[in-house]
Amino acid sequence: MTQKIIFLDVDGTLVDYHNRIPESAKTAIKKARENGHLVYVCTGRSRAEMPQNILDIGLDGMIGGNGSYVEHHGQVVMHQMISKEDSKAIVDWLHDRGLEFYLESNNGLFASEHFRDAARPVLKTYALRKGKSEEDVKDQEAEDALHGLVYNGELYRDDLNKVSFILNDYQDHLDSKEAFPNLEAHTWGGRGETTLFGDLGVKDITKAHAIEVLLKHLNASKENTIAFGDASIDIPMLDYCQIGVAMGNGGPEILKMADMITDDVEEDGLYHAFEKLELI
């Protein structure tokens, strides 16, 4: 059996919208690795956002920060961070605009002064859009939705992968692109102008680029790669890998371009795809 190298997005792919890992997904990963395949998570999350229940599954490594960080068997293969000067400039810019934010690093998610209160309704909206009920989110706090949040931490930092900030208006995202042309600007939490967050990260960093770096490190071929995802940020990864699998709960853009569509994350989609692809 040819060894395959498998890349799994986390939110909406490996974990459901209640942040739970289906037991079938754990079984699929365990069996695939027993069969000699390599399994990595490939996520927008930084390392500090990876809860123990994901790390405990048993993985060969991770790609984090949407491609800024690559780890294999505990060894850091690549870590590209925002410069200290840019990090300070972003914090000052966000403060000047009155935008609340959190700084994403492998050492934690460092929240701005009033982030907890500002994020409460925004993260509830995000959870509702992802399928949670009003009852589910009634008492949800920011730290329930974002693993690794740190309050009252140092905000001028030199260890940042990415910065996420709450949009008061879509114009905030457009202005961030203009203010920081040397950085990568994206949005998340919705489509088009319904989006909730803006983010800023290292230029030209994608999940696909990080996979390329890892394959070079492993001296492995792209022909043996399989990627799983559910969102438009995952499209370059699915496009780059030999086989791109979209979860049934994925957005219309990724469903349209995927080589294969499996079931929803909550309907054992990962397990069924691993079976179909003869990984287990």
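Scope of this entry: the structure provided in the associated data block. Just so we're clear, the structure is a prediction, and the values are computed from it rather than from any experiment.

## Here's the deal with the overall build of the chain
A tally of helices and strands in the chain yields eleven helices and 14 strands. What you see for the chain is a C-alpha radius of gyration of 18 Å, in line with the 19 Å of a compact globule of 280 residues. For the C-alpha atoms alone, the extent of the chain along its principal axes is close to 55 × 45 × 35 Å. Burial status across the chain gives 52% buried among its 280 residues. For the chain, long-range pairs separated by at least 24 residues make up 61% of all intrachain contacts whose partners lie at least 6 apart in sequence. In the chain, 28 side chains carry a positive charge and 49 a negative one; their mean positions are 2 Å apart.

## Some thoughts on the sheet that holds strand β11 (residues 197–202)
Here we have six strands laid out as an open sheet, ordered β8-β7-β6-β9-β11-β10, and mixed in their pairing. This sheet does not close on itself; its edge strands, each paired only once, are β8 (149–150) and β10 (183–188). Sheet topology note: the strand β6 (residues 101–105)/strand β7 (residues 108–111) ladder contains four bridges and is antiparallel. Following the sheet pairing, Glu-104 is matched in β7 by Leu-109. Lying over the sheet, helix α4 (residues 115–129) contacts β6, β7, β8, β9 (160–166), β10 and β11, oriented at roughly 80° with respect to β9.

## A few points about the environment of Ala-89
Inspection of the secondary structure assignment puts Ala-89 in helix α3 (residues 84–97). Separated by 90 residues in sequence, Ala-89 and Ala-179 place their C-alpha atoms 9.6 Å apart.

## Looking at the nonpolar core
Grouped together as the largest cluster of nonpolar side chains are 41 residues, with contacts concentrated most on Phe-7, Ile-90, Leu-94, Leu-103 and Ile-211. Per-element tally for this core: the top contributor is helix α8 (residues 207–218), with five residues. Residue contributions to this core reach at least three from each of two domains, namely domain 1 (5–80 + 205–277) and domain 2 (84–201). Once residues lying within four places of it in the same chain are set aside, the contact partners of Leu-103 are Val-91, Gly-108, Leu-109, Phe-110, Leu-155, Arg-157, Leu-160, Lys-162 and Val-163. Formed by 29 residues, the second largest nonpolar core is a distinct cluster that contains Ile-54, Leu-59, Tyr-69 and Tyr-271.

## Some thoughts on the sheet that holds strand β4 (residues 69–72)
Pairing in this open sheet of eight strands is mixed, and the strands run β5-β4-β3-β2-β1-β12-β13-β14 from one edge to the other. Looking at which strands have only one partner, the edges of the open sheet turn out to be β5 (75–79) and β14 (260–261).

## Considering a negative patch on the surface
A cluster of acidic residues, Asp-263, Glu-266, Glu-267 and Asp-268, forms a negative patch on the protein surface. With respect to the element layout, Glu-266 can be found in the loop between β14 and α11 (269–276).

## Overview of the pattern of salt bridges
A complete count under the given rule lists 20 salt bridges for this structure. Of the charged contacts, one joins Lys-26 and Glu-23 as a salt bridge, the two residues approaching to 3.1 Å between their closest N and O atoms. Taken together, the residues Lys-26 and Glu-23, both in helix α1 (residues 23–34) and three residues apart, mark about one turn of the helix. One salt bridge connects Glu-34 with Lys-30, and the closest N-O pair in it is separated by 3.1 Å. One end of the pair is Glu-34 and the other is Lys-30, both in helix α1 and four residues apart, which spans about a single turn. For Lys-30, a relative accessible area of 52% puts it in the exposed group. A cluster of three or more residues bridged by salt bridges with shared partners is formed by Arg-116, Asp-117, Arg-120, Glu-141 and Glu-143.

## Here we look at the packing of aromatic side chains
Summed over all chains, the structure comprises eight aromatic pairs. Seen from their ring centres, Trp-93 and Phe-165 are 6.3 Å apart, and the 80° between their planes marks the pair as edge-to-face. Placement of Trp-93 in helix α3 and of Phe-165 in strand β9 is noted, with a sequence separation of 72 residues between them. Across the pair, Phe-165 and Trp-93 agree in class, each one buried. Between the aromatic rings of Phe-228 and Phe-274, the centroid separation amounts to 5.4 Å while the plane-to-plane angle is 45°, which identifies the pairing as tilted.

Calculation criteria
Residues numbered from 1 in each chain as written. Predicted model: local features only at pLDDT ≥ 70, side-chain atom pairs only at ≥ 80, totals over all residues. Heavy atoms only, no water. Helix = DSSP H or I, 4+ residues; strand = E, 2+ residues; numbered from the N terminus. Rg over C-alpha atoms; globule rule 2.2 N^0.38 Å. Buried < 20%, exposed > 50% of the residue type's maximum accessible area, 1.4 Å probe, protein only. Contact = heavy atoms within 4.5 Å. Lys, Arg positive; Asp, Glu negative; His and termini not counted. Charge placed at Lys NZ, Arg CZ, Asp CG, Glu CD. Pairing = 2+ DSSP bridges. Axes fitted to C-alpha atoms, helices over the stretch in contact; angles between N-to-C directions. Core = buried A, V, L, I, M, F, W, Y, C linked by side-chain atoms within 4.5 Å. Domains from an automatic or database assignment. Patch = residues over 30% accessible without salt bridge, like charges linked within 9 Å, V, L, I, M, F, W, Y side chains within 5 Å. Areas by Shrake-Rupley, 256 points an atom, 1.4 Å probe, with all protein chains shown as cover. Salt bridge = Lys/Arg side-chain N within 4 Å of Asp/Glu carboxyl O. Phe/Tyr/Trp six-rings, centres within 6.5 Å; stacked < 30°, edge-to-face > 60°.

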